[in-house]
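These are the residues of each chain, in order.
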Amino acid sequence: MLPEADAVAPAVTAVFTTVLTEGPLSRVALARRLGLSSAAVTKAARPLIELGYLEELAATERTGPGAGRPASPLAIRADREFFVGVKITGDELIGVVCDLRAEVRTSAHRRLSAPDAGHVLAELGELVGELLDSPDDYRARTRRLGLAVSGDVDRSTGLVRYSPFLRWHDLPLREQAEKITGLTVTVENDVKALTTAEHWFGEGVGAESFALVTVGAGIGCGLVVGGRLVSGSHGVAGEIGHVGVDVNGPACHCGSRGCVEAIAGADAIVRQARSATGRPELTFEDAVALARAGDAPVGAVFARAGDAIGSGIAAVANLVGPARIVVSGEGLAAYDLFEPHIRAGFQRQAFGAAADCPLSIRPLPFEEWARGAATVSIQALVAS
C-alpha cells in the first residue's frame, strides 16, 4: 500500500481510505464509521502519521457530552505525494498532476498527429516530463501514473484489448508506458476512471450505489454497487452505449443495430445531421449551431439522441437501482439540446420508483477525465 509499511493491516487501508475520501475525521468518528475500537484506529493511524500521509489537525471537537479534551481530527497531507493522470483521445493527450486529494496542481495538453501506439507513447513520455518538470518540480514526489483510455481495458494487466476510437488491439500499454516514463502505471477504461474520481472525491462520496453516464464520441457508463466499482467478469460492465433501443435503428460499429451509441454518439449525430440537411461537410459544432438556431430537422436529431440516452439510463436504473445518476461527458457541451429529452426518455422508460432516482446533468472538461486517471493511480497506491 504505502512505502515502508511492510506489515499493513486491513485497518490501515480502511483508515487511510476513509480519511482520504471523507476526512478530516476524529478517531472516534473513524471508529464509529469503520466498526473498529478507538485503540485499533489509533494503532492503524500511527504508521500513516509517521510516514507523513496523515496529520493531526488542531483540536476542534469533543468526543461526546461531558468528554474531556477536544479531539484532534486526522487529515490527509495532500502534498505528501503527487500523481500524474493522462486521458488519451484519438487526437490529443490531456495530462494533469494531482495531489493525494486528487486536486489538480497543473495541467498540459499535447496534440497527436496520429493515434498509432508508437507515436502516442512517444508523446506521452514528453508530456509526463513536461508536467513533472514544471516550476513546482513534482518529479521527486511522483511515483505513479494513471492512464485513461476508451474501450475494453484489462486493468489488472494494463492491456488495452480493444479501443475503437484509437484502433488499438491487444496493446500492452502499462508495460510500454512504464518503460517510457519510469513510473508505476495503472491503465483503466476512461469512463471507469472518471467514475472512480466521482466515487472517491465527487458526487459519489458516501454513496453505496450510483451511476455515471458519459455522452460524447461514445456513450459510456460506470457503476458503483455496494460501494465498489463494478467491472464484471469480462471488464465491460455498464456498456449502455450498446443497449439496443431501436431494432430498426442505424447500424452500430459493434455489429448490432439501434444501439444508444449508434443514435446518440457524436459521429452518429453528425451523420444524421448531414443526412437531414444534405450538407456532407457539416461538423458537430455546425449541427449544434443549427439546432440552437431553430433548424427543426437537426433539432430532431438531438431530440432522438437525448431520448435514446434517457432510455439507456432508465435501463441502468431498472437493473441496478442506483441512489443517484450523474450524466456528463464532452458531448454535453450541447447539454441544452439533450437535457429535456434525456429526462423525458428516462421518465418514460424507468420502472416504478426507479423514476425517482435523482438525475444530475453536468458537463465536465477533459481535465476531469485526466483527474480520473490520476485517481486510479491513487487508488492503486492504497490497494498495493
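Residues numbered from 1 in each chain as written. Predicted model: local features only at pLDDT ≥ 70, side-chain atom pairs only at ≥ 80, totals over all residues. Heavy atoms only, no water.

Draft legend 1. Examining unusual backbone geometry more closely. The peptide bond linking Gly23 to Pro24 adopts the cis configuration, its omega dihedral lying at 5°. Topologically, Pro24 is positioned in the loop between helix 1 (10–22) and helix 2 (27–34). In this structure, Ala102 is a non-glycine residue whose phi angle is positive, near 65°. With respect to the helices and strands, the residue Ala102 is situated in the loop between strand 4 (92–98) and strand 5 (104–111). Of note in this structure, Asp170 is not a glycine but carries a positive phi near 50°. Mapped onto the secondary structure, Asp170 falls in strand 9 (residues 168–172). (Helix = DSSP H or I, 4+ residues; strand = E, 2+ residues; numbered from the N terminus.)

Draft legend 2. Spotlight on the nonpolar core. Phe302, Ile309, Ile313, Ile325, Val327, Phe338 and Phe346 are the most contacted members of the largest nonpolar core, which has 44 residues in total. In contact with Ile313, other than residues within four places in its own chain, are Val213, Ile240, Ile325, Val327, Ile342, Phe346 and Leu359. (Core = buried A, V, L, I, M, F, W, Y, C linked by side-chain atoms within 4.5 Å. Buried < 20%, exposed > 50% of the residue type's maximum accessible area, 1.4 Å probe, protein only. Contact = heavy atoms within 4.5 Å.)

Draft legend 3. Structural detail: the environment of Gly85. As for its position among the elements, Gly85 is in strand 3 (residues 82–88). Given the relative accessible area of 0%, Gly85 is considered buried. Separated by 145 residues in sequence, Gly85 and Val230 place their C-alpha atoms 21 Å apart. Setting aside chain neighbours within four positions, we find Gly85 in contact with Ile94, Gly95, Val96, Leu145, Gly146, Ala370, Ala373 and Ala374.

Draft legend 4. Summary view of the sheet that holds strand 7 (residues 152–154). In spatial order, the strands read 7-8-9; together these three strands make up an open sheet with antiparallel pairing. With one partner strand each, in any of the chains shown, strand 7 and strand 9 form the two edges of the open sheet. On average, each strand axis in the sheet is inclined to that of its neighbour by 10°, with strand direction left out of account. The pairing of strand 8 (residues 159–163) with strand 9 spans four bridges and is classified as antiparallel. Bridge pairing links Val160 to Leu171 in strand 9. (Pairing = 2+ DSSP bridges. Axes fitted to C-alpha atoms, helices over the stretch in contact; angles between N-to-C directions.)

Draft legend 5. Seen up close, helix 2. Along helix 2, the residues classified as buried are Arg27, Ala29, Leu30 and Ala31. On its buried face, helix 2 is in contact with helix 1, helix 3 (38–50), strand 1 (54–56) and strand 2 (74–76). After helix 2 finishes, the residue Gly35 shows a positive phi value of roughly 70°.

Draft legend 6. Molecular detail of the pattern of salt bridges. Considering all chains together, one arrives at 20 salt bridges under this definition. With a closest N to O distance of 2.6 Å, Arg348 and Asp307 form a salt bridge. Remark: Asp307 occurs in helix 10 (residues 296–320) and Arg348 occurs in helix 11 (residues 335–349); sequence separation between them is 41 residues. In this structure Arg348 comes out as partly exposed when scored by relative accessible area, which is 47%. When salt bridges with common partners are traced through the structure, they connect Asp91, Glu92 and Arg111 into a single cluster. (Salt bridge = Lys/Arg side-chain N within 4 Å of Asp/Glu carboxyl O.)

Draft legend 7. Region of the structure containing the packing of helix 2 against helix 3. Two elements in contact, helix 2 and helix 3, have axes separated by 9 Å at closest approach and are oriented at 115°. The angle between helix 2 and helix 3 places the two elements in the roughly perpendicular class. Considering the relative orientation of helix 2 and helix 3, their crossing is right-handed. For the pair formed by helix 2 and helix 3, the contact residues are Arg27, Leu30 and Ala31 on the first element and Ser38, Val41, Thr42 and Ile49 on the second. Of the residues that constitute the contact of helix 2 with helix 3, the class distribution is four nonpolar, two polar and one charged. (Parallel < 35°, antiparallel > 145°, perpendicular 65-115°, else oblique. Left-handed = near helix turned anticlockwise from the far one by under 90°. Nonpolar A, V, L, I, M, F, W, Y, C, P; charged D, E, K, R; others polar.)

Draft legend 8. Expanded view of the sheet that holds strand 13 (residues 228–229). One open sheet accounts for five strands, arranged 13-12-11-14-15; its pairing is mixed. In the strand order of this sheet, the two ends are held by strand 13 and strand 15 (359–361), each with one partner. Two strands pair when backbone bridges link them, and strand 11 (residues 210–215) and strand 12 (residues 219–225) are joined in this way by six bridges, in the antiparallel orientation. Looking at the pairing, Ala211 lines up with Leu223 of strand 12. Packing against the sheet, helix 6 (residues 190–201) makes contact with strand 11, strand 12 and strand 13, and its axis sits at approximately 135° to strand 11.

Draft legend 9. Fine view of the packing of aromatic side chains. All chains considered together, the criterion is met by six aromatic pairs. Taking the centre distance of 5.9 Å and the plane angle of 85° together, the rings of Phe16 and Tyr53 count as edge-to-face. Here Phe16 is found in helix 1, whereas its partner Tyr53 is found in the loop between helix 3 and strand 1, with 37 residues between them in sequence. For the pair shown, Phe16 and Tyr53 are each scored as buried. Centroid distance Phe302 to Phe338: 5.6 Å. Interplanar angle 65°. Geometry classified as edge-to-face. Of this pair, Phe302 sits in helix 10 while Phe338 sits in helix 11, placing them 36 residues apart in sequence. When its relative accessible area of 1% is taken as the criterion, Phe338 is described as buried. Linked through ring pairs, Phe284, Phe302 and Phe338 together constitute an aromatic cluster. (Phe/Tyr/Trp six-rings, centres within 6.5 Å; stacked < 30°, edge-to-face > 60°.)

Draft legend 10. Region of the structure containing helix 11. Counted at 1.5 Å a residue, the expected span for helix 11 with its 15 residues is 21 Å, and the 20 Å between its end C-alpha atoms agrees. Among the residues making up helix 11, those that are buried are Leu337, Phe338, Ile342, Gly345 and Phe346. The arc enclosing the buried residues of helix 11, seen along the axis, measures out at 125°, which places them on a common side. On its buried face, helix 11 sits against strand 11, helix 8 (266–277), helix 9 (284–292), helix 10, strand 14 (325–328) and strand 15. (Expected span 1.5 Å × (residues − 1). Arc of directions from axis to C-beta.)

Keep in mind these values describe shape, not function.
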